[in-house]
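Structural features, examined
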Amino acid sequence: GAVVSQHPSRVICKSGTSVKIECRSLDFQATTMFWYRQFPKQSLMLMATSNEGSKATYEQGVEKDKFLINHASLTLSTLTVTSAHPEDSSFYICSARDNRGGTAPLYFGPGTRLTVL
Amino acid sequence: QKEVEQNSGPLSVPEGAIASLNCTYSDRGSQSFFWYRQYSGKSPELIMSIYSNGDKEDGRFTAQLNKASQYVSLLIRDSQPSDSATYLCAVNVNQAGTALIFGKGTTLSVSS
């Protein structure tokens, strides 16, 4: 299957700092990437849809000024958690679908575990 | 609001048995259906996709789709302890750029 990489895999930071997470599609182009968040023992929650060359679309309740998304190329999207607080501690997972097919499944990156102290 | 429903479980089966996981969805316009497996602390891994009514088999896994009943299932034959994980049902309406809608997942436990 298609490969999506994510970096870093784990980050621990102090409250008030910003953290950038990178998501790359390694063997396909993705006009659209998706950012999910998962709290312990809960399901995946879609945060935002990242669109190459345009603004991201955020789900209801997700602060766009706190979670900055940049999709600068067809293979790279970044999520920056600004002024992180302990409640932002979670498992952040990006996903992407090959541009070639609308029916293609989403492939997930390995996730980034964020811990805010 | 589009919804995907799954029984959270846990579903417990003995090694070698058939595990049956079920999922219903609310949007009749849904076109693509997927099963993902998620081990604890890891990201979801695609195991099956199905697009038309009927059965689709891949190794020990069989996905079943019934669009009239808005129902999709996953059967795991000869269950192994390594199959113990949370299984996520996901649906999309086949629109470009649309994210998948996930169910909350069913936790499967296979005992040896």
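Anyway, here's the lowdown on the structure attached to this text. Nothing here was measured: the structure is a model prediction, and the numbers come from that model. (Residues numbered from 1 in each chain as written. Chains lettered and ligands numbered in written order. Predicted model: local features only at pLDDT ≥ 70, side-chain atom pairs only at ≥ 80, totals over all residues. Heavy atoms only, no water.)

**Here we look at the sheet that holds strand β8 (residues 71-76) of chain B**
Residue and element names in this part refer to chain B. Overall, antiparallel pairing links the five strands, which are arranged β1-β3-β8-β7-β6 in an open sheet. Sheet topology places β1 (4-6) and β6 (54-58) at the edges, where each strand pairs with a single neighbour. The mean inter-strand angle of the sheet, taken between neighbouring strand axes irrespective of direction, is 20°. Direction of pairing for strand β3 (residues 19-25) relative to β8: antiparallel, over a ladder of six bridges. Following the sheet pairing, Thr 24 is matched in β8 by Tyr 71. (Pairing = 2+ DSSP bridges. Helix = DSSP H or I, 4+ residues; strand = E, 2+ residues; numbered from the N terminus. Axes fitted to C-alpha atoms, helices over the stretch in contact; angles between N-to-C directions.)

**Concerning the nonpolar core**
Considering soluble globular proteins, one finds that nonpolar side chains tend to be buried as a cluster. The biggest cluster of nonpolar side chains holds 24 residues, and the ones touching the most others in it are Trp 35, Phe 67, Leu 79, Tyr 92 and Leu 114 of chain A. Of all the secondary structure elements, the ones that give two or more residues to this core are β2 (10-13), β3 (19-25), β4 (32-38), β5 (45-51), β7 (67-73), β8 (76-81), β9 (90-96) and β11 (112-116) of chain A. Not counting the four nearest positions on each side in its chain, Leu 114 of chain A is found in contact with Val 11, Cys 13, Val 19, Val 81, Asp 88, Ser 89, Ser 90 and Tyr 92 of chain A. By size, the runner-up hydrophobic cluster in this structure holds 23 residues, among which are Val 13, Phe 61, Ala 63 and Val 72 of chain B. (Core = buried A, V, L, I, M, F, W, Y, C linked by side-chain atoms within 4.5 Å. Buried < 20%, exposed > 50% of the residue type's maximum accessible area, 1.4 Å probe, protein only. Contact = heavy atoms within 4.5 Å.)

**As for the packing of aromatic side chains**
Evaluated as defined, the whole model comprises eight aromatic pairs over all chains. Look at Phe 34 of chain B and Tyr 51 of chain B: their rings are 6.0 Å apart centre to centre, the planes differ by 85°, and that puts the pair in the edge-to-face class. Residue Phe 34 of chain B is located in strand β4 (residues 32-38), and its partner Tyr 51 of chain B is located in the loop between β5 (45-50) and β6; the two are separated by 17 residues in the primary sequence. A relative accessible area of 1% means that Phe 34 of chain B is categorised as buried. Here Tyr 51 of chain B falls in the partly exposed class, since its relative accessible area comes to 31%. Ring centres of Tyr 36 of chain B and Phe 102 of chain B lie 5.6 Å apart, and the angle between their planes is 55°; this geometry places the pair in the tilted category. Here Phe 102 of chain B lies in strand β10 (residues 101-102) and Tyr 36 of chain B lies in strand β4, a separation of 66 residues in the sequence. A relative accessible area of 0% means that Tyr 36 of chain B is categorised as buried. Put simply, the rings of Tyr 36 and Phe 108 of chain A together with Tyr 36 and Phe 102 of chain B pair up and form one aromatic cluster. Sitting over the ring of Phe 67 of chain A, Lys 66 of chain A keeps its end group 6.0 Å from the ring centre. (Phe/Tyr/Trp six-rings, centres within 6.5 Å; stacked < 30°, edge-to-face > 60°. Lys NZ or Arg CZ within 6 Å of the ring centre and 35° of its normal.)

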